[in-house]
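Coordinates in review
What follows is each chain in one-letter form.
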Amino acid sequence: MTAETTSSAPATVGPVGPVSPEEPAQPAGPGPAAPPAALLARLRASLPGRIALRVLSALVLLWAVATIVFFLQHLVPGDPALAILGGASANPPPETVAAVRAQYGFDQPLLVQYADFLGGLVRGDLGSSYTMKEPVARIIAEQIVPTLQLTGASLAIAWAIAIGSTLLTAARPGLAARIGSGLEVVLAALPHFWLGVVLLVVFAVTLQWLPVVDDGPAGLVLPALTLGVPLGGFLAQVTRDEFDAASRQPFVLSALSRGTRPGDVRWRHVLRHAALPGIALSGWGLGSLISGAVVVEVIFSRQGIGQVLVTAVTSQDLPLVIGVTFVVALVYVIANILTDLAAVAVDPRLRTSIGGAS
Amino acid sequence: MNALITAQNLSVSFDDVEVVHDVSLTLRPGSCLGIVGESGSGKSVTARSLLGLNGERAAVRADRLEGAGTDLLRASDAQLRALRGRRIGYVLQDALVSLDPLRRVGAEIAEPLRVHGVPRRAREGRVQELLAAAGVPEPELRARQLPSELSGGLRQRALIAAALALDPEVLIADEPTTALDVTVQAQILSLLEANLAAGRAIILISHDLAVVERLADEVLVMKDGRVVEQGPTSQVLSRPADPYTRRLLAAVPSARSRGSRLSDAPPLELSARDREALGARRRGAGSSDGTDAAGAAGAPGSPADGPVLQVEVISKRFRGPDGRERTVVDDVSFALAAGETLGIVGESGSGKSTTARIALALAEPSAGRVLLDGEAWSGLRERRRRDRRRRISVVPQDPLGSFDPRWDVGRTIADAVPAETGGPARSEARARRVRELLEAVGLTAAHARRHPLSLSGGQRQRVAIARALATSPEILVLDEPVSALDVSIQAQVLDLLGDLQEALGTAHLFISHDLGVVHHVSDRVLVMQAGRVVEQGTADDVFFRPQHDYTRELVAALPHPTLQETA
Amino acid sequence: MTALATAPETAAPAAGSRSRARRARRATALRSASFWLAAVVVVLVLLAAVAPGLLAPQDPLEISLGESFDAPSAAHVFGTDQSGRDVFSRVVHGAGQSLAIGLGATAIGLVGAIVLGLLGGLGGRLADASVTRVIEVLYAFPGILLALILIAVYGSSALTQMVAVGVATMPGYARMVRGQVLAVKGSLYVESARALGHSPARILTRTILPNAFRPLTVLVTLGVGQAIVWAAALGFLGMGVQPPTAEWGAMLNAGRTYIQQAWWMDFFPGITIVVFTLSLTVLGRHLQRAADSGASR
C-alpha cells in the first residue's frame, strides 16, 4: 500500500474524490531521443545541474544574438567603407576606400569576418566605432555605469511602488482597492517621453527643486522616476492580481484559524505568493528599462549607453550599435539568471527536484 | 456538564443575504457532533462563525453564541484571536493550498505556537512531537519538507497537528477526509477517533454520511442553510424523520442498493420510437460507412456474440520528470461483453484512468493490444480508427473541461452527431436529434441555448452523457462520472445511466474510486492497484468475498456500515 | 473582524441585498463611465484620423512667424510651435499617420507572431524547440532596441519606423500565440473532439484555432496602444517621419529642442498619446471582462 508515501505530482486535487494524477507528458520508448533526454533529466534533477544548464543556454543565446547582429550588419545596403569615410556623398578616392576596407577586414570572406568577430567577442573586443574611431568596448565601458545606476534605481522605485500599492490597497474592501488598481493602470500607461518632459518642466524648470542636468545623485531622481514609475504601475498590477488570488486560498483561512493577525497573514503568507510573478518578470523589466533609458537619457541629457546608441543609430555607426546591443543582451541574460535565483530564494518548491526550471 | 460550544438561533448573512438560518447546536465536552449536508447547505459557514472566521462581509446574529466560555457575539478581535488555535482548533480539507505551499511544514505547525507566545527554542521540539502524535513518520524530515512533497494523507495529518498544537478543547474538522483515498481516509478517521477517546470534543463536518456515522454521537443534517433534522446519530441514520434525510440516506449507493433506484426521480420513459432513434445505428445496422458490416454482426445485445471490447495484456510506461521510467499500467487484461457493466475500482495512481484512455485509443499501450468488436483497435493509424470511434464514447469526470468553451449546449451536442447524408433537411435533422438526446437525459430543448457554465454540475454531466450517446455507441467509457457531484445529484445521474443502459443495451466500462458506486452499478468488477489488476470477478464476489489482501483492506476501510455488515 | 475577506463556501446568492446592490451599482456605474469615456476618446481620435478637417479647420502646415511660441490661448488652445503653426491642428491632423503607423506595426507584428506561434504550437517537438529559441533570442533585444537596430541598418523613414516597431512587438505576441495554441491543444475538449472521431483538419479549424485566437482580440487592442507609444518614442528620438509633416512622434521631436521655453509643444501631443492609449487599455479590459463573463453566462 503506497498511499502514505510521498506523492510528488504537484497537481491540484479536485474538489471531491481523488483524481488520478497519472499521465506524465513524455511517452517512454527506446527512441533515439531517449539517452539525451535521460541525461537532461538527470541534470535537471539537481540545483547545480540546473544552474549549469541555465548558464549553458545563456551562452547559446548570446552566440545567437551575436550571429544575428553580425549578419544584420552585412545586410546594410551600400559599402560600409563608404559609411566610415562619411557616406557616399563624401566621394573619397578609391585608394582610401581600399585602405579602409583592408583596415576593417571587409576584403576578407564573410565567414572569416564572422570568425574574427566571434573571436573578438570572446576577448572582449567589440571592434571600433566608425565615427568616434575608438574601440567600442572602451566607449561602452565608460558609459555603462551611469545607465546601470539609472536602471537599478528605477527597478527599486518600481518595486517600491508595486509592493506599497499592493500592501496598502489590495484585497481590501471598499474604495481603496479600486483607487489603487485604477492608479496603477494610469501609471503603467505613461510613456517615458511624456512623463520625463512633464517632470523636467515641473520640478527642474518651473519649481527648480532639482537640477536640470547633474551627474550626481540629485540628477538621478527625475530620470529614475521617469523610468521606474511606469514599470512600477505594471508590476503593481501583476502583484495585485496574484495577491488577490492568494488571499482567497484556504491556507489564509488556516493561518487565521490559528489566531494569526490579519496583517501578519498579508505580510508573512500572502505577499510572498504575490511577489512571485513580479520577480519572474523583473529580468524582462530590466530589459525594458534599458530600452527606456534610451529615451530618458536623451530627455535629461544624461551620459549613458542610451545616448551612445541614439548617436550611433543616427550616424549609422554599426559597430557601435552592435556593441551596445550585444552588451544590453548580456545584461539582459545576466539579469534573467539573477531573477531565476531570486525566484528560487522566494519559492522553495523550485529547490526540490520536482519543481523543474521552466 | 457545561457545553463547550452553544449556538442558539444562529443566522449568518453575507451582504444582507441570509445563508444560514436559525441554527442551534450544543457541543458537550468529550463528544463529537457531526454536521452533514451537501454543498451550499451552510455547514462550513456555520462552523466558521464559531471562530468568527466568516470575514468582514458576514453579519452573524444569534440569541446566544458561546465558544469555550467566550461570548462570540461580543468578543473583540483580540479575544477572538486568543480563542483561535488555543481553545478551538480548526482543520480544513486537505488541498495543496490548505498549508502555505511556500513554507516548510514545520513553520506552518509552529505558527500557532509563535502566535500564542511559545518561545522560539521550545517550538522545534514541540513541532516534532506534534507531528509524531498525528501519526506522521519521520517527523524531523517531514518538518523540513514542503507541503507539496507530502502525500495527501500526510498533509491532512500535518493540518491536524497544527490545529492541535496548543491542545485546544475543541477541534472543528471541515471535510477532513474529502479527496483522500479510502484507506487513507480510514486512517485519518482513526486519528480523530483517538483524539475523541482522549477527551477532546470534535465538530465533524462532512458531505459523507458514512464518515459522520463512524464518529459522531449526535448529528445535524443541514439543507439550504437550515437544520432539517438533529438528534443522536443512530436514531437519525436508522430512523430518519425528515424526508430530506431519508432521501439522502437512500441516495448512497452500496451493495444493498443494487438493482434499486437511488433517487426519487421517476424512471426514464423512452418510447419505442425514441429508443429507435437513439439506438438506430445498432439496430438498423449497415448504414453508410463500410466498416459496419463487421460491426453489425457482433452488435445487438446478446453476449453470446462475444465481447465488444477486449483488452489483452496491455502495459503503459511513462518517463517521469526525473528521467526514470514508471509503469503505470502493468499487464492488464479484460473483456467487456455487450450490454454489461464492468467496474474498475482503484485508488489514485492505480492506473485506472490510463486504462480508460487506452480503451478509448486516446493513448497507445506500450505493450499488448486492444480489440473493438473483435477487430484491432490499438496500434492503428488514426485514419483507420476514425470511422469506428462512434462506437465507443466517453463520459468524463470533468464535463465542463471537455466542452469547447465557445459553444452552447446545443452546439456541443450537435458537434457529436454524426453527419448523415447531406441535403436541406440536414440541419433540421440535427436539431431534432439534439432535442431527442437532451430529452433522453432528462433535460429540455430549452437547455440547448444555455452555456454549460450556467448549468449545475448534474446538468453538465447530463449534457456530457447526451453527447456521448449522440453517436449511438455500443460502449460507454465512464471515467469517474459522478465523483464531483453531491450525493443526491450522483443518485440521479446513476439512475439515469441505469435507465439508459436498460433501454439501449449499451456496455459500460465504469471507472471509480468509490467502492459503493462500483458495487451498485457493476456486473463484474476489476480491482486495480499500482497498475496491476489484483482481483476480478462478479461484484458480489469481489466485495463480499475478497480474495486479495488489498481488496480486503479496501473493503475494511469503508466507513459504510451496511457494506461491512453484510461482508 | 478580519480584513481578509474569507468568502463563504458558496458565494452568497446575488439577489436581494441593498448595500450589495448599491455597491454593485456603483461599481458598474464607475466601470461603464470609464468605458464610455474611453469609447468617446477612441471615436474622436478615429474621426481625427479620417476627417481631421472636421475637428481642426486650421491648416497644420500654415506658417505664421509672427505667432511663433504662443502659449495656449483661445486662438490656439494648444499654443503654437517655432514656426507659429497651430499645435492643436497638428495634433488632430497627426492622428491619421500616427494611427496608421501603430496599426501597420501591429499587423506586421501579429502576422509574424502567428506564423511563429503556429509553427511552435502545431509543428511538433523540433519545430517548437526552434521557435522557443527564436522567441527567446528576440527577447534579448528588449523594448525598442530591436527597432533601433533595424533603423541603424536601413535608415530612418516612416516605413522603417513601422516595420521596426512591428518586428519589436513580434516576440511578445509570438510567445502568447504559441502558449495559447499549446494550451488549447492539450485541453480536454480537444481530446473529446478526437474521441468523437473528428478529423485533424476539422479539430484544427473548428476547435484549436478559434479558441487559441480568442484572447488575441483583446491583446491587439492593448497592442495598438503599445505600438503607437513605441513609434512615438522613435519619432521623439528623430528616427521617424521627418518634419514638417504633422505626426505625433515628429512633433515630440520638434518640441524637445524648445522644452524649456515652450512646454506645450511636447505636452499636448504627449497627453494625446497618453489619453488615447489609456482609452485603448480601458476598452481592452472591458472586452476581456465581457469575454470572461460572456463565457460564464
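Computed from a prediction, not measured in an experiment: that's the story for all the values here. (Residues numbered from 1 in each chain as written. Chains lettered and ligands numbered in written order. Predicted model: local features only at pLDDT ≥ 70, side-chain atom pairs only at ≥ 80, totals over all residues. Heavy atoms only, no water.)

**Details of the environment of A:Glu142**
- With respect to the helices, strands and loops of the structure, A:Glu142 is situated in helix H6 (residues 136-169).
- Taking the C-alpha atoms as reference, A:Glu142 lies 32 Å from A:Ala188; in sequence the two are 46 residues apart. (Helix = DSSP H or I, 4+ residues; strand = E, 2+ residues; numbered from the N terminus.)

**With respect to the side chain of A:Gln237**
- Within the element layout of this structure, A:Gln237 appears in helix H9 (residues 218-247).
- The class of A:Gln237 is buried, set by a relative accessible area of 17%.
- Leaving out residues up to four positions away in the same chain, A:Gln237 has contacts with A:Glu184, A:Val185, A:Ala188 and C:Arg285. (Buried < 20%, exposed > 50% of the residue type's maximum accessible area, 1.4 Å probe, protein only. Contact = heavy atoms within 4.5 Å.)

**Things to note about the pattern of salt bridges**
- Enumeration according to the criterion identifies 43 salt bridges over all chains in this entry.
- In this structure, B:Arg200 and B:Asp167 form a salt bridge, with 2.9 Å as the shortest nitrogen-oxygen distance. Here the residue B:Arg200 occupies a position in the loop between helix H7 (182-197) and strand S9 (201-206), and B:Asp167 occupies one in the loop between helix H6 (152-163) and strand S8 (170-174), the gap between them amounting to 33 residues.
- The partner of B:Asp330 in a salt bridge is B:Arg532, and the shortest N-O contact between them spans 3.2 Å. Pair noted here: B:Asp330 is in strand S13 (residues 325-337) and B:Arg532 is in strand S21 (residues 532-538), with a separation of 202 residues, a long-range link.
- Members of the salt-bridge network, linked through shared partners, are A:Arg258, A:Asp264, A:Arg268, B:Arg103, B:Glu108, B:Glu111 and B:Arg114. (Salt bridge = Lys/Arg side-chain N within 4 Å of Asp/Glu carboxyl O.)

**Quick look at the confidence of the model for chain B**
Residue and element names in this part refer to chain B.
- The pLDDT averaged across chain B works out to 87; a share of 92% of its residues lies at or above 70.
- Within chain B, the lowest mean pLDDT, 38, falls on helix H12 (residues 292-297), and the highest, 96, falls on strand S19 (residues 507-512).
- Overall, residues 280-304 carries pLDDT values under 50, and its contacts beyond four positions in sequence, including any with other chains, amount to 36 contacts.
- Here residues 562-567 scores under 50 on pLDDT; set against residues more than four positions off or in separate chains, the count is 13 contacts. (pLDDT = per-residue confidence, 0-100.)

**Notes on unusual backbone geometry**
- Positive phi, normally seen in glycine, also occurs at A:Ala171, with a value near 55°.
- Following the sequence through the fold, A:Ala171 ends up in the loop between H6 and helix H7 (175-188).
- Positive phi values are uncommon outside glycine, yet B:Glu480 reaches one of about 45°.
- Topologically, B:Glu480 is positioned in the loop between strand S18 (475-479) and helix H18 (487-504).

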